[in-house]
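Observations on the model geometry
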Amino acid sequence: MLGILAGLKQEASLIRRFLPNTPVALSNATPEGARRGVERLLNAGATELLSFGCAGSLSPDIAPGTVIVADHVRYQNRDISCDPRLSEMFGSAYARRGGILHSDALVELALEKALYFSQTECLAVDMESGVVADVGLPFTVLRVVCDDAKRDLPPAVKTSVRDGAVYVPGLVGSLLRHPLQIGGLIRLGREAAIAQRSMASFLQTNSPQA
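Everything quoted here is computed from the prediction, not taken from an experiment. Position numbers for residues count from 1 along each chain, tracking the sequence in the order it is written. Residues qualify for local features only when their pLDDT is at least 70, as the model is predicted, and side-chain atom pairs are given and counted only at 80 or more; totals for whole chains, interfaces and linings, by contrast, use all residues. With hydrogens and water excluded, all non-hydrogen atoms of the structure serve as input to the side-chain values.

1. Regarding the overall build of the protein
The following threshold applies: Starting at the N terminus, helices and strands are each numbered in turn, a helix being any DSSP run of H or I of at least four residues and a strand any DSSP run of E of at least two. Per-residue accessibility, obtained with a 1.4 Å probe over protein chains only, is compared with the maximum for each type, and a residue is labelled buried under 20%, exposed over 50%, and partly exposed between these values. Pairs of residues are marked as contacts when any of their non-hydrogen atoms sit within 4.5 Å. Surface accessibility follows the Shrake-Rupley procedure with a 1.4 Å probe radius. Residue values consider only the protein chains on display as shielding.
Helices and strands together make up the secondary structure of the protein, namely eight helices and eleven strands. In the protein, which comprises 210 residues, the share counted as buried stands at 50%. Across the protein, the fraction of contacts at a sequence separation of at least 24, relative to all contacts at a separation of at least 6, is 75%. For the protein, the computed accessible surface area is about 10,000 Å², with 55% contributed by carbon and sulfur atoms.

So, in structure tokens, the structure goes:
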């Protein structure tokens, strides 16, 4: 039985449209949440896993909206291979292939992204895939890039998510402290919308029930 780990409620809502009977757990974008989410999936009877949702670009030539079906995950200096059968089920023939880097912390700065890319050659980074890969069950990773590797994330990204959704007090507080980030937030919102549409279109033709 498949179990799906996503970061945020919006991501979970999207994959449930295409796999409504599959258990989905949230990490709420924290390492502890990722581990609890995987544990819930295992307790529900999952025998194979999918890491799903957005990822931050590390490669300068990976644009927002690019769908990635990973061939491996870099976790704690190990490369863990994705399951070929599961990857094929989720459209690996029609997506960008390459590595996904796991990070327990948000990768915010363009300099960090460039460093990680040079060290690992991974295409993108997320906060769930390493936990999924480390379980030892067959797994794959289906992610869509939500930002540009050449730009820093606005400071509000770090404080505006709680319990898997937008946390308005954190967003407002960050805007008051850093008002010049408004342009960057608008741009990031546009990129996130592109990513959402791109993934929905991809799943329309490439999900296992399509």
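Let us keep going from here.
2. Here's the deal with the packing of helix H1 (residues 9-18) against helix H8 (residues 182-206)
Using the following cut-off: To obtain each axis, a line is fitted to C-alpha atoms, and for helices this fit is confined to the stretch in contact; angles are then taken between N-to-C directions over 0 to 180 degrees. Geometric relationships in this document are graded by angle, where less than 35 degrees denotes roughly parallel, more than 145 denotes roughly antiparallel, 65 to 115 denotes roughly perpendicular, and other angles denote oblique. Handedness of a helix crossing follows the sense of rotation of the near helix relative to the far helix, less than a right angle counterclockwise being left-handed and clockwise being right-handed. Residue polarity is assigned by list, with Asp, Glu, Lys and Arg as charged and Ala, Val, Leu, Ile, Met, Phe, Trp, Tyr, Cys and Pro as nonpolar; anything else, Gly included, falls into the polar class.
Contact geometry for H1 and H8: axes closest at 10 Å, N-to-C directions at 20°. Viewed along their axes, H1 and H8 adopt a mutual orientation that is roughly parallel. H1 and H8 meet at a crossing whose hand is right-handed. Residues Gln-10, Leu-14, Ile-15, Arg-17 and Phe-18 of H1 touch H8, and the partners they reach there are Gln-196, Met-199, Ala-200, Leu-203 and Gln-204. The residue inventory of the contact of H1 with H8, partitioned by class, reads six nonpolar, three polar and one charged.

3. Things to note about the environment of Ala-200
Its place among the elements puts Ala-200 in helix H8. You can call Ala-200 buried: its relative accessible area is 14%. Sequence spacing of Ala-200 and Arg-17 is 183 residues, and the spatial spacing of their C-alpha atoms is 9.2 Å. Ignoring anything within four residues of it in the chain, the contact list for Ala-200 reads Leu-14, Arg-17 and Phe-18.

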